[in-house]
Amino acid sequence: MMRFTLPRDMYYGKGALEQLKNLKGKKAVIVLGGGSMKRFGFLDKVLAYLKEASIETKLIENVEPDPSVETVMKGAQIMREFEPDWIISMGGGSPIDAAKAMWVFYEYPDTSFEEIIKPFSFPELRQKAKFIAIPSTSGTATEVTAFSVITDYSTGVKYPLADFNITPDIAIVDPELAETMPKTLTAHTGMDALTHAIEAYVSTLNSPFTDPLALKAINMVFEYLIDSYNGDMNAREQMHYAQCLAGQAFSNALLGIVHSMAHKTGAAFSTGHIPHGCANAIYLPYVIKYNAKSAQNRYADIARSVGITGNDNECVDKLCSKIDEYNKALSIPKTLKEFGILEDEFKQKVDKIAELAVGDACTGSNPREITPIEMKKLFECVYYGKEVDF
Ligand code: FE
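Keep in mind it's a predicted model, so treat the numbers as computed, not measured. (Residues numbered from 1 in each chain as written. Predicted model: local features only at pLDDT ≥ 70, side-chain atom pairs only at ≥ 80, totals over all residues. Heavy atoms only, no water.)

Right, let's get into the pairing of strand S8 (residues 170-173). Neither face of S8 is left uncovered, since the one carrying Ile-170 and Ile-172 and the one carrying Ala-171 and Val-173 both have all their residues buried. With 4 bridges connecting them, strand S1 (residues 9-12) and S8 associate as parallel partners. Across the sheet, Tyr-11 pairs through a bridge with Ile-172, a residue of S8. Relative to S8, strand S5 (residues 130-135) is paired through 2 bridges, and the arrangement is parallel. Note on S8: the bridge partner recorded for Ala-133 is Ala-171. (Buried < 20%, exposed > 50% of the residue type's maximum accessible area, 1.4 Å probe, protein only. Helix = DSSP H or I, 4+ residues; strand = E, 2+ residues; numbered from the N terminus. Pairing = 2+ DSSP bridges.)

What follows is about empty space enclosed by the protein. Tallying each qualifying case throughout the model produces 1 cavity of 30 Å³ or more. If you add up the space inside the largest cavity, you get close to 50 Å³. If you trace the largest cavity, you find 13 residues lining it, with Glu-199, Val-202, Val-287, Asn-291 and Tyr-299 closest to the centre. A per-element tally of the lining of the largest cavity places helix H11 (residues 276-305) first, with 5 residues. For the lining of the largest cavity, the per-class residue count stands at 9 nonpolar, 3 polar and 1 charged. (1 Å grid on protein atoms, 1.4 Å probe; cavity = no way out; pocket = protein on both sides within 12 Å on 5 of 7 lines; lining within 4 Å. Points joined across faces, edges and corners; volume = space filled by probe spheres on them. Nonpolar A, V, L, I, M, F, W, Y, C, P; charged D, E, K, R; others polar.)

With that out of the way, let us pick up the packing of aromatic side chains. Applying the stated criterion to the full structure yields 13 aromatic pairs. With 5.7 Å between their ring centres and 40 degrees between their planes, Phe-4 and Phe-209 make a pair best called tilted. Linking Phe-4 in the segment before S1 with Phe-209 in the loop between helix H7 (183-202) and helix H8 (211-229), this pair joins segments that are 205 residues apart in sequence. Phe-4 sits in the partly exposed class, given a relative accessible area of 34%. The class of Phe-209 is exposed, set by a relative accessible area of 56%. (Phe/Tyr/Trp six-rings, centres within 6.5 Å; stacked < 30°, edge-to-face > 60°.)

Taken by themselves, the reported measurements are silent on function.
Set out below in structure tokens:
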């Protein structure tokens, strides 16, 4: 038996935030990141709408990027004292992910990260509160997914939490919030969304329920990302919806090794962080060439859906070229070398990174199996810009 789960309601369109004034309840905590929602006036709007709904509010502010176990536990403690019946998270992926984890420890104070790290093993949520997610970036789609990533900085371990219990009850996809994204973030999150949709479409868990969402998302990203990057706010709006569709697909079909590679290289090098979406964008064409041995027809479907013609082989090649063109237009480098990773450090670390990437949670649903030796070869192609021919 398969399962397909999405939020109960999705409100979208400019000004969709206003739906909050119709909320039924007594108390809401609002979980926020670094302050942009406050600065741009969106927090004030939310507070006014909730006041109109006669809902008492409390803020949990300053959730850091890549939220920590401590932040989650502190937030859960505040929730236990305040006893909200709504958890509202607003901002980029980090505050929403953190709020999802806080929700678990609010409802189950005696549980531990070790207990919920096993995928799809969560206790039954919604005993105390329901969950609203309001994204301000157009990429992670955490507002509709069953995932959250929390970091234990004392051990350096990332906990990728996965369970349909943490799929939000309500997603408010208001493009006005995404208008505040800087240019580079628009590029990276947009390519993250494209990667979500492509990986979901070729995933071993793809289904008739996820395929149309993935294909539509891919079409919309190709149509709107460049314009959105160049400041066209109508295109920005369409990208906000496209990433949400991609999220609906991958929350149910899961991902593949582009994400495995991005997860294990994001913080691996001394030269600095590789932003998640940027890493995905760099790896995507190489992984398509690798995976095409097992999923050529699926990639050809994607290519044809965006107007590419030819036999399956030609379609896959042209799809990769199209992604290369987009990366170029978005100022995303073609190789890890070009990104600035030092060759000595790469050589020194690649064996370990390859092994970790094979063990990543996203590898299981990749359409082609991969060994650590093959993964190392793939990373070498990505580093030097070599053709993937194995
Ligand atoms: Fe992603």
